[in-house]
Amino acid sequence: GFSFDCIFTSKIRKHQRDMDKVYVKASANIDNLSSELNNIMDQVEKIKAAMDEKGKSMTDTTPLVQIKTALKKLKSENKSFDLQIGVLEHTLLKSKLQKANPQESSMNGDIDSEDSSFEADE
């Protein structure tokens, strides 16, 4: 019985060593695959975040509203400037006419004195 027990124990130990080697290899493989999975999951999260950001920026109309508001303001300012330019042109023409005919303007008085209080509506 002794040699049979010894042979049986020896085979069991060899089998256990073989199984330990298989376990170590499988464990290393599991670690590698887990690491690869974590990397892929990180990439997926980054892609999801980028897609969410793109989706938000595509549906965010705030910049468009700001542009429209700025355009309205520019149009309003342009009208105001046009009016101011018209008033200045009138004043300049009046001044030129007064210099060209100083006698007529002194005889007629200041024709536009009533208009000088005119203010442009903005």
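On a predicted model such as this, the values are computed, not experimentally measured, just so you know. (Residues numbered from 1 in each chain as written. Predicted model: local features only at pLDDT ≥ 70, side-chain atom pairs only at ≥ 80, totals over all residues. Heavy atoms only, no water.)

> Sorry if this is basic, but what is going on with the overall build of the protein chain here?
Regarding its fold elements, the protein chain presents three helices and zero strands. For the protein chain, the N- to C-terminal ordering of α and β elements is α-α-α. Per-residue burial for the protein chain yields a buried fraction of 2% across its 122 residues. Counting every atom, the protein chain has about 11,700 Å² of accessible surface; 59% of that belongs to carbon and sulfur. (Helix = DSSP H or I, 4+ residues; strand = E, 2+ residues; numbered from the N terminus. Buried < 20%, exposed > 50% of the residue type's maximum accessible area, 1.4 Å probe, protein only. Areas by Shrake-Rupley, 256 points an atom, 1.4 Å probe, with all protein chains shown as cover.)

> Any chance you could explain the pattern of salt bridges here in plain terms?
Pairing between side chains of opposite charge can happen when the charged atoms of each approach one another. Under the definition given, this model contains one salt bridge. Here K14 ties to D18 by a salt bridge, and the two come within 3.3 Å at their closest N and O atoms. Separated by four residues within a single helix, K14 and D18 lie in helix α1 (residues 2-59), roughly one turn from each other. We classify K14 as partly exposed; its relative accessible area is 47%. You can call D18 partly exposed: its relative accessible area is 31%. (Salt bridge = Lys/Arg side-chain N within 4 Å of Asp/Glu carboxyl O.)

> Help me understand a nonpolar patch on the surface, please; the structure alone is not making it clear to me.
A cluster of nonpolar residues, I67, L71 and L74, forms a patch on the protein surface that exposes about 290 Å² of accessible area. Turning to its location among the elements, I67 is positioned in helix α2 (residues 62-100). (Patch = residues over 30% accessible without salt bridge, like charges linked within 9 Å, V, L, I, M, F, W, Y side chains within 5 Å.)

> Help me understand a positive patch on the surface in this model?
Taken together, the side chains of R13, R17, K21 and K25 make up a positively charged region of the molecular surface. Assignment of secondary structure puts K25 in helix α1. Overall, the relative accessible area of 65% leaves K25 in the exposed class. (Lys, Arg positive; Asp, Glu negative; His and termini not counted. Charge placed at Lys NZ, Arg CZ, Asp CG, Glu CD.)

> Could you clarify how one ought to interpret the confidence of the model for the protein chain in this entry?
Parts of the prediction with low pLDDT should not have their coordinates interpreted in detail. The predicted model of the protein chain has a mean per-residue pLDDT of 85, with 82% of residues at 70 or higher. For the protein chain, the element scoring lowest by mean pLDDT is helix α3 (residues 102-108), at 64; α2 scores highest, at 94. (pLDDT = per-residue confidence, 0-100.)

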